[in-house]
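Here are the chains, one letter per residue:
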Amino acid sequence: MTKLNKKYVIGTNIMFFEIEMYKDFIDGLINLLEDIENKENVYIDLCFNVSQLIEKIDTSKITEKQLIAKFDDGVKRLEKIGTKNIKTRIVKEDEFYFHADYRRDLNYNYCKIVDYVMWGETDSFFPKEAFQALESLSEYTDSENIYRYIMCFADRKMWDDSWNPTVHIDYEHLQYIDDDEHHLHKTQAKSFLPIEEMNEINSKVEDFDFRYIHYPKIDGSCLVISSDLIKSGVNVPLCLIYNDDEGLSVMAQKLCGKDFRQFICKNLLKVHARRHPNKRLYVLDEDNPNSFEDRKTNAFNTFKNLSQYNIQNLINGKGKFYEYNDFKKLMEEK
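What you see is a predicted model, and the numbers here were worked out from it, not measured in a lab. Residue positions within a chain follow its written sequence, with the count starting from 1. It should be noted that, the model being predicted, local features are given only for residues of pLDDT at least 70 and side-chain atom pairs only at 80 or more, the latter also being counted only at that level, while totals for whole chains, interfaces and linings use all residues. The basis for every side-chain value is the complete set of non-hydrogen atoms in the structure, without hydrogens or water.

Draft legend 1. Highlighting the overall build of the protein chain. Looking only at helices and strands, one finds 9 helices and 10 strands in the protein chain. Against the compact-globule benchmark of 20 Å for 334 residues, the protein chain has a radius of gyration of 19 Å, which places it among compact chains. Its C-alpha atoms give the protein chain principal-axis dimensions of about 55 × 50 × 40 Å. Burial classes: relative accessible area under 20% of the type maximum marks a residue as buried, over 50% as exposed, and values in between as partly exposed (1.4 Å probe, protein chains only). Here the protein chain holds 334 residues, and the buried ones make up 56% of them. Each accessible area is a Shrake-Rupley estimate made with a 1.4 Å probe; only the visible protein chains count as cover when residues are assessed. Total accessible area computed for the protein chain in this model is approximately 15200 Å², and 46% of it derives from carbon and sulfur atoms. This count recognises Lys and Arg as positive and Asp and Glu as negative, with His and chain-terminal groups excluded. The atom standing in for a charge is NZ when the residue is Lys, CZ when it is Arg, CG when it is Asp and CD when it is Glu. When the 46 positive and 58 negative side-chain charges of the protein chain are each reduced to one mean point, those points stand 3 Å apart. Numbered from the N terminus, helices here are DSSP runs of H or I no shorter than four residues, and strands are runs of E no shorter than two. When we talk radius of gyration, it's over C-alpha atoms, and the globule rule is simply 2.2 Å times the number of residues to the 0.38.

What follows is the structure in structure tokens.
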């Protein structure tokens, strides 16, 4: 059993169409928490999002009531292993409230309560050894008077070589597979990997291999943010309606400059199954379980394009930001 000296929150926004992979996500949290002695040091914040302002629920396949029942079942499983501090919220069907909003609020509300804010994602698993690694890192950073930083765990092979600093040491030498079946290869970051296989890979770790870079390279899953970094002003900016990880990166670079630090545990593998086979279900007029970008609804693509425009405005410092009302007007015109 591991006893924690620091306090943590794991916060996750779960979209209604992710409900069938939510069971795997809860399995991942249980895998992470079951050997923690003082579970009261870990807050679990779960937001179940049934907003239908972008995607509609296909009620011929599932009802909102059934969706919420599945969400509640996961919460009960966490309670059953002795998880002490669980906070839940359900976003209603007519609310504009998504990942960027949730993570902005999570960071702001919990940085005053915990030492580390951890971003969960429904398609992701933290390493079972995550807390041991963070406790070890905090001993070093406290001793060196380093309090403002981001930390991430290593992923499998990701895109171009600029991502290699965040790739696990066992996968650095591999080539990224850039075709329609890349999500079927377990060496690739987008593919599904069972918890048992992740645990087996990480069981070989004897000492944590921490490295750092002076620029943000984050994908948003299993990200760990020190509370002091958030307190210094680094957060998802209010202009972002999507692209929360990119927005946080931009603000970290702007505010911290050369003093920015991102630690990477290079020999501890996380799983971020971006093409999980049950990632995007029950969306009306869409058949896209693996969440391929070119198969999503027109509404989603419009929403994402507005946010990407805002990102460019944030970087360049020019232009008016789009807001939810702008998206609503565009949808009414179509």
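Next comes the rest of the write-up.
Draft legend 2. Local environment of the side chain of Gln-52. Relative to the elements of secondary structure, Gln-52 occurs in the loop between strand S2 (42-49) and helix H2 (64-80). Nitrogen and oxygen atoms within 3.5 Å of one another constitute a polar contact, given that in protein one can donate a hydrogen and the other can accept it, and given that sequence-neighbouring residues count only through two side-chain atoms. One polar contact links the side chain of Gln-52 to the main-chain amide nitrogen of Ile-57, over a distance of 2.9 Å. When near neighbours in sequence (up to four residues on either side) are disregarded, Gln-52 contacts Ile-57, Glu-64 and Glu-93. Contacts between residues were defined by any pair of non-hydrogen atoms, one from each residue, lying within 4.5 Å.

Draft legend 3. Looking closely at the environment of Leu-137. Here Leu-137 lies in helix H4 (residues 130-143). With sequence-adjacent residues up to four places away left out, Leu-137 is seen in contact with Tyr-149, Met-151, Phe-210 and Phe-263.

Draft legend 4. The arrangement of the nonpolar core in detail. What makes a nonpolar core is a set of buried Ala, Val, Leu, Ile, Met, Phe, Trp, Tyr and Cys residues whose side-chain atoms join them at distances within 4.5 Å. Core analysis: the largest hydrophobic core is formed by 56 residues, its most contacted members being Ile-10, Tyr-22, Leu-46, Phe-48, Phe-131 and Phe-153. For this core, the element with the highest residue contribution is helix H1 (residues 19-33), accounting for 8 residues. Apart from residues no more than four positions distant in its own chain, Phe-48 is found in contact with Ile-14, Met-15, Phe-16, Ile-19, Leu-67, Ile-68, Phe-71, Arg-89, Ile-90 and Val-91. With 33 residues, the next largest nonpolar core counts Cys-47, Ile-150, Ile-213 and Val-236 among its residues.

Draft legend 5. Expanded view of the packing of helix H7 (residues 244-256) against helix H8 (residues 298-316). A fitted line through C-alpha atoms serves as each axis, taken over the contacting stretch for helices, and the angle formed by two N-to-C directions is quoted from 0 to 180°. At a minimum axis separation of 11 Å, H7 and H8 run at an interaxial angle of 0°. For the element pair H7 / H8, the angle class is roughly parallel. Touching Glu-246, Gly-247, Val-250, Met-251 and Lys-254 of H7 are Ile-311, Leu-314 and Ile-315, all from H8. Any residue that is not Ala, Val, Leu, Ile, Met, Phe, Trp, Tyr, Cys, Pro, Asp, Glu, Lys or Arg is counted as polar, Gly included; the first ten are nonpolar and the last four charged. Classifying every residue of the contact of H7 with H8 by side-chain character gives 5 nonpolar, 1 polar and 2 charged. Geometric relationships in this document are graded by angle, where less than 35 degrees denotes roughly parallel, more than 145 denotes roughly antiparallel, 65 to 115 denotes roughly perpendicular, and other angles denote oblique.

Draft legend 6. A negative patch on the surface, seen in detail. Together, Asp-178, Asp-179, Asp-180, Glu-181 and Asp-294 line one region of the surface with negative charge. On the secondary structure map, Glu-181 appears in the loop between strand S6 (150-154) and helix H5 (195-202). To count toward a patch, a residue needs a relative accessible area over 30% and no salt bridge; like charges are then connected within 9 Å, while nonpolar side chains (Val, Leu, Ile, Met, Phe, Trp, Tyr) are connected within 5 Å. In what follows, salt bridge is the name for a side-chain nitrogen of Lys or Arg lying within 4 Å of a carboxyl oxygen of Asp or Glu.

Draft legend 7. Structural detail: H7. Here H7 contains 13 residues, and its C-alpha end-to-end distance of 18 Å stays within 8% of the 18 Å for a straight helix at 1.5 Å per residue. In this structure, the buried residues of H7 make contact with helix H3 (99-110), strand S4 (116-119), S6, strand S8 (223-226), helix H6 (227-231) and H8. Where H7 ends, the next residue or the one after it, Gly-257, has phi of about 60°, a positive value. An expected span of 1.5 Å times one less than the residue number is assigned to each helix.

Draft legend 8. Highlighting the pattern of salt bridges. Throughout the structure, instances matching the rule amount to 25 salt bridges. For Lys-128, the salt bridge identified is with Asp-35, shortest N-O distance 3.2 Å. With Lys-128 in the loop between strand S5 (124-125) and H4 and Asp-35 in the loop between H1 and S2, this residue pair connects regions lying 93 residues apart in the sequence. Asp-35 sits in the partly exposed class, given a relative accessible area of 35%. Note that Arg-104 and Asp-101 form a salt bridge whose closest N and O atoms lie 3.4 Å from each other.

Draft legend 9. Structural context of the environment of Arg-261. With respect to the secondary-structure elements, Arg-261 resides in the loop between H7 and strand S9 (262-269). Spatially, the C-alpha atom of Arg-261 lies 40 Å from that of Leu-67, the residues being 194 residues apart in sequence. With residues up to four places along the chain from it excluded, the contact list for Arg-261 reads Ile-146, Tyr-149, Ile-150, Tyr-212, Ile-213 and His-214.

Draft legend 10. Structural view of the packing of H8 against helix H9 (residues 324-333). Where H8 meets H9, the axes come as close as 10 Å, and the angle between the chain directions of the two elements is 145°. Here the hand of the crossing between H8 and H9 comes out right-handed. Residues Ala-299, Thr-302, Phe-303 and Leu-306 of H8 form the contact with H9, whose own contacting residues are Tyr-324, Asp-326, Phe-327, Leu-330 and Met-331. Per-class residue counts for the contact of H8 with H9 are 7 nonpolar, 1 polar and 1 charged. A crossing counts as left-handed when the near helix is turned anticlockwise from the far one by less than a right angle, and as right-handed when that turn is clockwise.

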